[in-house]
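Structural description and commentary
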Amino acid sequence: MKPGRFILIAAMFFIDVRVRAEDSHKEASCWGKRIPCAIQATEHKREYRNGDFVLVLGAGSIAQQRDEKTIQLVEGKFYVEIDKPVIFKTPYASISCESVCTALITRALTGVTVKSLAGEWNIQRLGEKKNYSLSSGLQLSIGEVETSGVAQMDFPQSLPFAPTVMEWSKLFPGTVELFKSDVARFRLDWKEAVESASQVHEQAASRAIASYEAGLAKEEARRKSVAKEEAAMRELFRRKNNIDP
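Fair warning: this is a prediction, and the values are worked out from it, not measured in the lab.

A word on the pattern of salt bridges
Within this structure, the stated rule accounts for five salt bridges. Close ionic contact of arginine 49 with glutamate 47 constitutes a salt bridge, the shortest N to O distance being 2.5 Å. According to the relative accessible area criterion, glutamate 47 is buried, its value standing at 12%. One connected set of salt bridges, linked through shared partners, spans Lys77, Lys115 and Glu167.

Here is the structure:
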């Protein structure tokens, strides 16, 4: 399917979802009034705003605002737009952005997946102090905690374009025109991410092959050394015992 036609279909789907969910967008009684504040979307998505900060919960999703800069993602699918430091917490990783960022975040029972739609996200998995950067067009999944105390984490991957846009359309809080504009901008980022991820994977594969070949060479050198040493020992034994070869 051509990209332009797909975007049009996604936009039409977005209109249908938004119209059906329009009446369900009621602010939680505590949102913006007191902290902590637990919020939940039941049968339809729900949208929460605080200035330029936007949080959209998919149907059945649950979150809790811990303080002015921290939101715990408990369960479900989330669309987030931020233009100030905010941290999204899960049992597997902390997700943050210091500037302007947009993302789709899925919080499941066994992990969390971040799909970067704009900006540079910082991911800190449980059990590790290092921050991992996630650029627009890439996704990263963090899973259950291993016996070492560190959460499992996949290698960053380029996003699948069509499924991502369809998921995005279900949660997008703006107009159809803005959605189409954002998707067009995202497509450029996505193309760069695909090329970048391809190069990174190729480099990783090259390193893995080189490491494997180095391992084989090392093992071969060790085998030859052992064989040479054993031959020398046999020769010494023969000489000491006057045994003809």
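Some words on the state of the cysteines
Going through the model one piece at a time under the given rule, you end up with one disulfide. Paired by a disulfide, cysteine 97 and cysteine 101 hold their sulfur atoms 1.9 Å apart. Judged by the sign of its S-S torsion, about 65 degrees, the cystine formed by cysteine 97 and cysteine 101 is right-handed. Taking relative accessible area as the criterion, cysteine 97 reaches 0% and is therefore assigned buried. On the basis of relative accessibility, which here comes to 1%, the residue cysteine 101 falls in the buried class.

Topic: the nonpolar core
Leu55, Phe88, Trp121 and Ile123 are the most contacted members of the largest nonpolar core, which has 35 residues in total. Here this core gets five residues from one element, more than from any other, and that element is strand 5 (residues 70-82). With near-sequence residues (within four places) excluded, phenylalanine 88 lies in contact with Phe53, Ile71, Leu73, Val80, Ile82, Ala93, Ser94, Ile95 and Trp121. In this structure, Leu171, Phe179, Val183 and Trp190 belong to the second largest nonpolar core, which totals 15 residues.

Points about the pairing of strand 2 (residues 46-50)
Both faces of the sheet carry side chains from a regular strand, because those side chains alternate between them. Inspection of the sheet shows strand 2 paired to strand 3 (residues 53-57) by five bridges, in the antiparallel sense. Its bridge partner being in strand 3, arginine 46 is matched across the sheet by leucine 57. Between strand 2 and strand 3, which pair antiparallel in sequence order, lie two residues; one of them, glycine 51, sits at a positive phi of approximately 70 degrees.

Some words on the packing of aromatic side chains
Going through the model one piece at a time under the given rule, you end up with nine aromatic pairs. Measuring from ring centre to ring centre gives 6.4 Å for tryptophan 168 and phenylalanine 172, while their planes differ by 70 degrees; the resulting arrangement is edge-to-face. A relative accessible area of 1% means that tryptophan 168 is categorised as buried. Here tryptophan 168 and phenylalanine 186 contribute two aromatic rings whose centre-to-centre distance is 5.5 Å and whose plane-to-plane angle is 85 degrees, an arrangement assigned as edge-to-face. Here phenylalanine 186 lies in helix 3 (residues 176-240) and tryptophan 168 lies in helix 2 (residues 161-171), a separation of 18 residues in the sequence. Of the two residues, tryptophan 168 and phenylalanine 186, neither departs from the other in class, the shared state being buried. What links up through ring pairs into an aromatic cluster is the set Tyr79, Phe161, Trp168, Phe172, Phe179, Phe186 and Trp190.

Remarks on the environment of tyrosine 92
Inspection of the secondary structure assignment puts tyrosine 92 in the loop between strand 6 (86-89) and strand 7 (93-97). Sequence-wise, tyrosine 92 and valine 112 are 20 residues apart; in three dimensions their C-alpha atoms are separated by 7.0 Å.

Brief notes about the pairing of strand 5
Both strand 3 and strand 5 contribute to a ladder of four bridges, which runs antiparallel. Bridge pairing in strand 5 places valine 54 opposite glutamate 81. Inspection of the sheet shows strand 4 (residues 62-67) paired to strand 5 by five bridges, in the antiparallel sense. Paired with glutamine 65 across the bridge in strand 5 is isoleucine 71. Counted between consecutive antiparallel strands, the loop separating strand 4 from strand 5 contains two residues. Sheet topology places strand 5 next to strand 6; three bridges connect them, and they run parallel. Each residue of the ladder has a partner; that of glutamine 72, found in strand 6, is lysine 89. As judged from the seven bridges shared by strand 5 and strand 8 (residues 101-108), these two strands associate in the antiparallel manner. Note on strand 8: the bridge partner recorded for glutamate 81 is threonine 102.

Regarding the confidence of the model for the protein chain
Mean pLDDT over the protein chain stands at 79; residues scoring 70 or higher make up 75%. Least confident of the elements in the protein chain is helix 1 (residues 3-21), whose mean pLDDT is 47; most confident is strand 8, at 95. Here residues 200-206 is modelled with pLDDT under 50, and outside its nearest four sequence neighbours on either side it reaches four contacts, counting other chains as well.

How each quantity is defined
Residues numbered from 1 in each chain as written. Predicted model: local features only at pLDDT ≥ 70, side-chain atom pairs only at ≥ 80, totals over all residues. Heavy atoms only, no water. Salt bridge = Lys/Arg side-chain N within 4 Å of Asp/Glu carboxyl O. Buried < 20%, exposed > 50% of the residue type's maximum accessible area, 1.4 Å probe, protein only. Disulfide = S-S within 2.5 Å. Core = buried A, V, L, I, M, F, W, Y, C linked by side-chain atoms within 4.5 Å. Helix = DSSP H or I, 4+ residues; strand = E, 2+ residues; numbered from the N terminus. Contact = heavy atoms within 4.5 Å. Pairing = 2+ DSSP bridges. Phe/Tyr/Trp six-rings, centres within 6.5 Å; stacked < 30°, edge-to-face > 60°. pLDDT = per-residue confidence, 0-100.

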